[in-house]
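Read off the chains here:
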Amino acid sequence: MAESGESGESGESGESRKLQERLLRSDRDNRYLRKDSDERKVIEDVFDRSTLLALEDLISRGSLHALHGVVRTGKEARVYYGVDAGGGPVAVKIFLVSTMDFRKRMAYIAGDRRFGKLPSGSRETVFLWTRKEFRNLQTARDAGVRVPGPIAFHKNILVMEYIGAPPEPAPTLAESEVDQGDYDWTFETLRRLRRDAGLVHADFSEFNAFKWNGQRVLFDLGSAVLLSHPQAEEFFKRDVTNMVRFFRKRGLMPRDADSWMAELVK
Ligand SMILES: Nc1ncnc2c1ncn2[C@@H]1O[C@H](COP(=O)(O)OP(=O)(O)OP(=O)(O)O)[C@@H](O)[C@H]1O
Ligand SMILES: [Mg+2]
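Model, not experiment: these values are computed from the prediction. (Residues numbered from 1 in each chain as written. Chains lettered and ligands numbered in written order. Predicted model: local features only at pLDDT ≥ 70, side-chain atom pairs only at ≥ 80, totals over all residues. Heavy atoms only, no water.)

### Some details on the overall build of the protein chain
Helix and strand content of the protein chain: nine helices and 11 strands. When the accessible area of the protein chain is evaluated, it comes to approximately 12,700 Å², of which 49% is carbon and sulfur surface. (Helix = DSSP H or I, 4+ residues; strand = E, 2+ residues; numbered from the N terminus. Areas by Shrake-Rupley, 256 points an atom, 1.4 Å probe, with all protein chains shown as cover.)

Structure (C-alpha coordinates):
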(Lines give C-alpha, C1' and ligand atoms only; values in the text may rest on other atoms or scores of the structure.)
(Ligands and ions follow the chains in the order given, each with its own letter.)
Protein backbone atom coordinates (compact mmCIF):
# COMPACT_ATOMS: atom_id res chain seq x y z
CA MET A 1 0.00 0.00 0.00
CA ALA A 2 1.37 3.44 -0.85
CA GLU A 3 2.21 5.43 2.21
CA SER A 4 1.39 8.77 0.66
CA GLY A 5 -0.03 10.23 -2.49
CA GLU A 6 3.43 10.43 -3.98
CA SER A 7 4.35 8.49 -7.04
CA GLY A 8 7.11 8.40 -9.63
CA GLU A 9 10.81 8.85 -9.08
CA SER A 10 10.44 11.16 -6.11
CA GLY A 11 8.11 8.76 -4.28
CA GLU A 12 8.07 5.09 -3.47
CA SER A 13 9.42 3.83 -6.77
CA GLY A 14 12.32 6.27 -6.64
CA GLU A 15 13.16 5.04 -3.19
CA SER A 16 12.83 1.43 -4.28
CA ARG A 17 15.22 2.13 -7.09
CA LYS A 18 17.75 3.51 -4.61
CA LEU A 19 17.36 0.41 -2.49
CA GLN A 20 17.96 -1.75 -5.53
CA GLU A 21 21.06 0.25 -6.39
CA ARG A 22 22.44 -0.45 -2.96
CA LEU A 23 21.52 -4.12 -3.04
CA LEU A 24 23.13 -4.63 -6.38
CA ARG A 25 26.35 -2.77 -5.74
CA SER A 26 29.34 -5.03 -5.10
CA ASP A 27 32.03 -6.43 -7.26
CA ARG A 28 31.59 -5.51 -10.86
CA ASP A 29 33.22 -8.75 -11.96
CA ASN A 30 30.24 -10.80 -11.08
CA ARG A 31 28.82 -12.19 -14.24
CA TYR A 32 25.28 -11.40 -13.22
CA LEU A 33 26.06 -7.77 -12.70
CA ARG A 34 27.27 -7.40 -16.23
CA LYS A 35 23.72 -8.15 -17.25
CA ASP A 36 22.86 -5.30 -14.94
CA SER A 37 19.70 -4.03 -16.48
CA ASP A 38 18.08 -7.47 -16.78
CA GLU A 39 18.86 -8.33 -13.21
CA ARG A 40 17.65 -4.97 -11.99
CA LYS A 41 14.41 -5.53 -13.83
CA VAL A 42 13.97 -8.96 -12.27
CA ILE A 43 14.45 -7.50 -8.84
CA GLU A 44 12.17 -4.60 -9.57
CA ASP A 45 9.40 -6.83 -10.87
CA VAL A 46 9.53 -9.33 -8.10
CA PHE A 47 10.21 -7.58 -4.84
CA ASP A 48 7.87 -5.27 -3.12
CA ARG A 49 9.23 -2.46 -1.06
CA SER A 50 8.91 -4.40 2.15
CA THR A 51 11.14 -7.17 0.76
CA LEU A 52 13.72 -4.63 -0.37
CA LEU A 53 13.72 -3.11 3.10
CA ALA A 54 14.01 -6.56 4.69
CA LEU A 55 17.04 -7.25 2.48
CA GLU A 56 18.55 -3.97 3.62
CA ASP A 57 17.96 -4.93 7.24
CA LEU A 58 19.79 -8.21 6.71
CA ILE A 59 22.65 -6.32 5.09
CA SER A 60 22.87 -3.76 7.87
CA ARG A 61 22.90 -6.56 10.47
CA GLY A 62 25.82 -8.15 8.66
CA SER A 63 24.01 -11.38 7.74
CA LEU A 64 24.35 -10.61 4.06
CA HIS A 65 26.62 -8.34 2.08
CA ALA A 66 25.05 -8.25 -1.37
CA LEU A 67 22.59 -10.08 -3.53
CA HIS A 68 23.73 -11.38 -6.87
CA GLY A 69 21.90 -13.30 -9.54
CA VAL A 70 18.88 -15.48 -9.27
CA VAL A 71 19.53 -19.22 -8.98
CA ARG A 72 16.00 -20.49 -9.30
CA THR A 73 12.71 -18.74 -9.85
CA GLY A 74 9.77 -20.69 -8.56
CA LYS A 75 6.18 -19.59 -8.37
CA GLU A 76 6.25 -19.11 -4.63
CA ALA A 77 9.90 -18.52 -3.85
CA ARG A 78 13.07 -17.40 -5.54
CA VAL A 79 16.54 -18.46 -4.56
CA TYR A 80 19.41 -16.05 -5.07
CA TYR A 81 23.13 -16.31 -4.89
CA GLY A 82 24.43 -13.75 -2.42
CA VAL A 83 27.66 -13.10 -0.60
CA ASP A 84 28.38 -12.63 3.09
CA ALA A 85 30.66 -10.03 4.62
CA GLY A 86 33.72 -12.16 3.93
CA GLY A 87 32.75 -12.60 0.27
CA GLY A 88 31.67 -16.22 0.82
CA PRO A 89 28.63 -17.49 -1.06
CA VAL A 90 25.22 -17.76 0.61
CA ALA A 91 21.85 -18.88 -0.69
CA VAL A 92 19.06 -16.36 -0.18
CA LYS A 93 15.56 -17.79 -0.44
CA ILE A 94 12.87 -15.16 -0.78
CA PHE A 95 9.25 -16.19 -0.42
CA LEU A 96 6.82 -14.23 -2.53
CA VAL A 97 3.95 -12.87 -0.54
CA SER A 98 1.86 -12.23 -3.64
CA THR A 99 1.78 -15.76 -5.05
CA MET A 100 1.95 -18.09 -2.09
CA ASP A 101 -0.85 -20.64 -1.83
CA PHE A 102 -1.85 -20.10 1.80
CA ARG A 103 -4.42 -22.82 2.07
CA LYS A 104 -1.88 -25.40 0.98
CA ARG A 105 0.76 -24.12 3.40
CA MET A 106 -1.66 -23.90 6.29
CA ALA A 107 -1.93 -27.69 6.50
CA TYR A 108 1.77 -27.77 7.40
CA ILE A 109 1.49 -25.02 10.00
CA ALA A 110 -1.77 -25.79 11.79
CA GLY A 111 -1.17 -28.61 14.24
CA ASP A 112 2.47 -27.73 14.74
CA ARG A 113 2.65 -26.85 18.40
CA ARG A 114 5.86 -24.86 17.94
CA PHE A 115 3.98 -21.98 16.37
CA GLY A 116 0.96 -21.38 18.59
CA LYS A 117 -1.75 -19.10 17.27
CA LEU A 118 -2.30 -19.29 13.53
CA PRO A 119 -1.31 -16.19 11.57
CA SER A 120 -4.21 -14.08 10.42
CA GLY A 121 -2.92 -12.46 7.23
CA SER A 122 -0.99 -13.56 4.19
CA ARG A 123 2.14 -11.62 5.08
CA GLU A 124 2.21 -13.13 8.56
CA THR A 125 1.79 -16.61 7.04
CA VAL A 126 4.76 -16.09 4.74
CA PHE A 127 6.88 -14.76 7.62
CA LEU A 128 5.93 -17.75 9.73
CA TRP A 129 6.78 -20.11 6.88
CA THR A 130 10.22 -18.52 6.60
CA ARG A 131 10.78 -18.90 10.34
CA LYS A 132 9.58 -22.48 10.14
CA GLU A 133 12.04 -23.42 7.42
CA PHE A 134 14.86 -21.79 9.39
CA ARG A 135 13.88 -23.60 12.57
CA ASN A 136 13.57 -26.94 10.76
CA LEU A 137 17.04 -26.50 9.28
CA GLN A 138 18.45 -25.89 12.77
CA THR A 139 16.64 -28.87 14.26
CA ALA A 140 17.68 -31.20 11.44
CA ARG A 141 21.28 -30.02 11.57
CA ASP A 142 21.42 -30.46 15.35
CA ALA A 143 20.25 -34.05 14.88
CA GLY A 144 23.10 -34.72 12.46
CA VAL A 145 21.14 -34.51 9.23
CA ARG A 146 23.17 -32.77 6.52
CA VAL A 147 21.18 -29.70 5.39
CA PRO A 148 22.26 -26.23 4.19
CA GLY A 149 23.48 -24.51 7.35
CA PRO A 150 20.93 -21.90 8.46
CA ILE A 151 22.49 -18.42 8.74
CA ALA A 152 19.69 -15.89 9.28
CA PHE A 153 16.07 -15.11 8.53
CA HIS A 154 14.07 -11.94 8.48
CA LYS A 155 10.46 -11.47 7.37
CA ASN A 156 10.16 -13.45 4.10
CA ILE A 157 13.89 -13.98 3.56
CA LEU A 158 16.01 -16.97 4.57
CA VAL A 159 19.81 -16.93 4.31
CA MET A 160 21.63 -20.26 4.33
CA GLU A 161 24.78 -22.04 3.29
CA TYR A 162 25.23 -22.19 -0.47
CA ILE A 163 25.46 -25.72 -1.81
CA GLY A 164 27.18 -25.87 -5.17
CA ALA A 165 29.74 -23.82 -7.07
CA PRO A 166 28.11 -20.40 -7.38
CA PRO A 167 26.37 -19.28 -9.41
CA GLU A 168 25.37 -22.88 -10.15
CA PRO A 169 23.49 -24.79 -7.47
CA ALA A 170 24.57 -28.36 -6.81
CA PRO A 171 22.75 -30.99 -8.86
CA THR A 172 19.84 -32.70 -7.16
CA LEU A 173 19.41 -36.46 -6.93
CA ALA A 174 16.97 -36.12 -9.84
CA GLU A 175 19.77 -34.64 -11.94
CA SER A 176 22.42 -37.18 -10.86
CA GLU A 177 23.38 -40.76 -11.43
CA VAL A 178 22.28 -42.56 -8.30
CA ASP A 179 23.82 -45.54 -6.59
CA GLN A 180 23.43 -47.73 -3.54
CA GLY A 181 25.07 -44.99 -1.43
CA ASP A 182 22.27 -42.58 -2.33
CA TYR A 183 19.68 -45.20 -1.55
CA ASP A 184 21.20 -45.91 1.86
CA TRP A 185 21.58 -42.19 2.60
CA THR A 186 17.95 -41.52 1.74
CA PHE A 187 16.45 -44.08 4.08
CA GLU A 188 18.96 -43.35 6.82
CA THR A 189 18.06 -39.66 6.53
CA LEU A 190 14.34 -40.37 6.72
CA ARG A 191 15.01 -42.43 9.83
CA ARG A 192 17.32 -39.91 11.48
CA LEU A 193 15.05 -36.98 10.78
CA ARG A 194 12.21 -38.86 12.40
CA ARG A 195 14.01 -40.51 15.28
CA ASP A 196 16.61 -37.90 16.22
CA ALA A 197 15.07 -34.62 15.04
CA GLY A 198 11.43 -35.58 15.64
CA LEU A 199 10.58 -34.24 12.18
CA VAL A 200 8.88 -35.46 9.04
CA HIS A 201 10.12 -33.61 5.95
CA ALA A 202 6.74 -33.82 4.19
CA ASP A 203 8.21 -32.84 0.81
CA PHE A 204 11.04 -35.37 0.59
CA SER A 205 11.83 -36.04 -3.05
CA GLU A 206 14.68 -36.42 -5.50
CA PHE A 207 14.22 -32.70 -6.26
CA ASN A 208 14.88 -31.66 -2.66
CA ALA A 209 18.22 -33.39 -2.08
CA PHE A 210 21.56 -32.32 -3.54
CA LYS A 211 24.35 -34.68 -4.49
CA TRP A 212 27.52 -32.71 -4.30
CA ASN A 213 31.22 -33.42 -3.82
CA GLY A 214 30.60 -36.85 -2.40
CA GLN A 215 27.94 -35.53 -0.01
CA ARG A 216 24.18 -35.57 -0.05
CA VAL A 217 22.35 -32.58 1.37
CA LEU A 218 18.65 -32.49 2.16
CA PHE A 219 16.95 -29.11 1.62
CA ASP A 220 13.59 -27.32 1.23
CA LEU A 221 12.49 -27.98 4.81
CA GLY A 222 9.67 -25.44 5.00
CA SER A 223 7.00 -28.14 5.01
CA ALA A 224 8.61 -30.28 7.69
CA VAL A 225 6.38 -30.91 10.72
CA LEU A 226 6.86 -32.33 14.18
CA LEU A 227 5.97 -35.98 14.70
CA SER A 228 3.09 -34.81 16.88
CA HIS A 229 1.42 -33.11 13.89
CA PRO A 230 -1.89 -34.86 13.19
CA GLN A 231 -0.85 -35.69 9.62
CA ALA A 232 2.77 -36.58 10.36
CA GLU A 233 2.32 -40.30 9.60
CA GLU A 234 0.50 -39.58 6.35
CA PHE A 235 3.31 -37.20 5.27
CA PHE A 236 5.95 -39.72 6.31
CA LYS A 237 4.35 -42.46 4.26
CA ARG A 238 4.19 -40.14 1.26
CA ASP A 239 7.90 -39.30 1.65
CA VAL A 240 8.88 -42.97 1.86
CA THR A 241 6.65 -43.90 -1.07
CA ASN A 242 8.06 -41.07 -3.23
CA MET A 243 11.61 -42.19 -2.64
CA VAL A 244 10.89 -45.87 -3.19
CA ARG A 245 9.23 -44.91 -6.47
CA PHE A 246 12.20 -42.77 -7.51
CA PHE A 247 14.77 -45.49 -6.83
CA ARG A 248 12.60 -48.09 -8.52
CA LYS A 249 12.57 -45.93 -11.67
CA ARG A 250 16.36 -45.84 -11.45
CA GLY A 251 16.57 -49.60 -11.09
CA LEU A 252 17.38 -49.73 -7.36
CA MET A 253 14.63 -51.49 -5.49
CA PRO A 254 15.70 -53.79 -2.71
CA ARG A 255 12.58 -53.11 -0.58
CA ASP A 256 9.06 -51.83 -1.00
CA ALA A 257 7.46 -48.88 0.77
CA ASP A 258 5.53 -50.94 3.34
CA SER A 259 8.59 -52.80 4.42
CA TRP A 260 10.54 -49.54 4.74
CA MET A 261 7.69 -47.96 6.71
CA ALA A 262 7.72 -50.81 9.18
CA GLU A 263 11.48 -50.60 9.51
CA LEU A 264 11.76 -46.82 9.83
CA VAL A 265 9.16 -46.27 12.52
CA LYS A 266 10.87 -48.74 14.88
N1 LIG B 1 21.18 -23.80 -0.11
C2 LIG B 1 21.13 -23.76 -1.45
N3 LIG B 1 22.26 -23.65 -2.18
C4 LIG B 1 22.21 -23.59 -3.52
N5 LIG B 1 21.07 -23.63 -4.25
C6 LIG B 1 19.92 -23.73 -3.58
C7 LIG B 1 19.88 -23.80 -2.15
N8 LIG B 1 18.60 -23.93 -1.77
C9 LIG B 1 17.87 -23.94 -2.89
N10 LIG B 1 18.64 -23.81 -3.99
C11 LIG B 1 18.21 -23.80 -5.42
O12 LIG B 1 16.87 -23.35 -5.48
C13 LIG B 1 16.00 -24.40 -5.93
C14 LIG B 1 14.67 -24.33 -5.20
O15 LIG B 1 14.88 -24.46 -3.81
P16 LIG B 1 13.75 -25.02 -2.84
O17 LIG B 1 13.37 -26.38 -3.27
O18 LIG B 1 14.21 -24.81 -1.45
O19 LIG B 1 12.58 -23.97 -3.13
P20 LIG B 1 11.06 -24.20 -3.52
O21 LIG B 1 10.48 -22.89 -3.83
O22 LIG B 1 10.43 -24.98 -2.48
O23 LIG B 1 11.18 -24.93 -4.85
P24 LIG B 1 10.28 -26.05 -5.41
O25 LIG B 1 8.89 -25.52 -5.43
O26 LIG B 1 10.91 -26.22 -6.78
O27 LIG B 1 10.48 -27.23 -4.50
C28 LIG B 1 16.79 -25.68 -5.70
O29 LIG B 1 16.41 -26.71 -6.57
C30 LIG B 1 18.21 -25.22 -5.98
O31 LIG B 1 18.44 -25.14 -7.36
MG1 LIG C 1 11.98 -27.70 -3.57
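### What to know about the pattern of salt bridges
Counted under the stated rule, the structure contains 19 salt bridges. With a shortest N-O distance of 3.2 Å, D142 and R141 are connected by a salt bridge. Residue classification places R141 among the partly exposed residues on the basis of a relative accessible area of 39%. The shortest N-O distance in the salt bridge between E263 and R191 comes to 3.3 Å. With E263 in helix 9 (residues 257-264) and R191 in helix 7 (residues 180-195), this pair connects stretches of sequence that are 72 residues apart. Here the salt bridges do not stand alone but share partners, grouping E188, R191, R192, R255, E263 and K266 into one network. (Salt bridge = Lys/Arg side-chain N within 4 Å of Asp/Glu carboxyl O. Buried < 20%, exposed > 50% of the residue type's maximum accessible area, 1.4 Å probe, protein only.)

### A closer look at the site of ligand 1
Around ligand 1, 15 residues are found, and the nearest of them are K93, E161, I163, N208 and D220. One of the backbone N or O atoms of E161 is found 2.9 Å from a nitrogen atom in ligand 1. N208 is positioned with one of its side-chain polar atoms (N or O) 3.2 Å from an oxygen atom of ligand 1. Summarising the interface, the protein chains cover 80% of the accessible area of ligand 1, which totals 600 Å² for the free molecule. For the shell around ligand 1, the secondary-structure elements that each account for two or more residues are strand 2 (77-83), strand 3 (89-95) and strand 5 (157-161). Partitioned by chemical class, the residues of the shell around ligand 1 number 10 nonpolar, one polar and four charged. Looking at the shell around ligand 1, you find at least three residues from each of domain 1 (19-168) and domain 2 (170-264). (Near = heavy atom within 4 Å. Polar contact = N/O pair within 3.5 Å; in protein donor to acceptor, adjacent residues only side chain to side chain. Nonpolar A, V, L, I, M, F, W, Y, C, P; charged D, E, K, R; others polar. Domains from an automatic or database assignment.)

### Focus on the packing of helix 7 against helix 9
Across the interface, helix 7 lies against helix 9 with an axial gap of 10 Å and an inter-helix angle of 45°. Compared by their axis directions, helix 7 and helix 9 come out oblique. Here helix 7 runs over helix 9; the crossing is right-handed. Of the residues in helix 9, those touching helix 7 at Y183, F187, L190, R191 and R194 are W260, E263 and L264. Grouping the constituent residues of the contact of helix 7 with helix 9 by class yields five nonpolar, no polar and three charged. (Axes fitted to C-alpha atoms, helices over the stretch in contact; angles between N-to-C directions. Parallel < 35°, antiparallel > 145°, perpendicular 65-115°, else oblique. Left-handed = near helix turned anticlockwise from the far one by under 90°. Contact = heavy atoms within 4.5 Å.)

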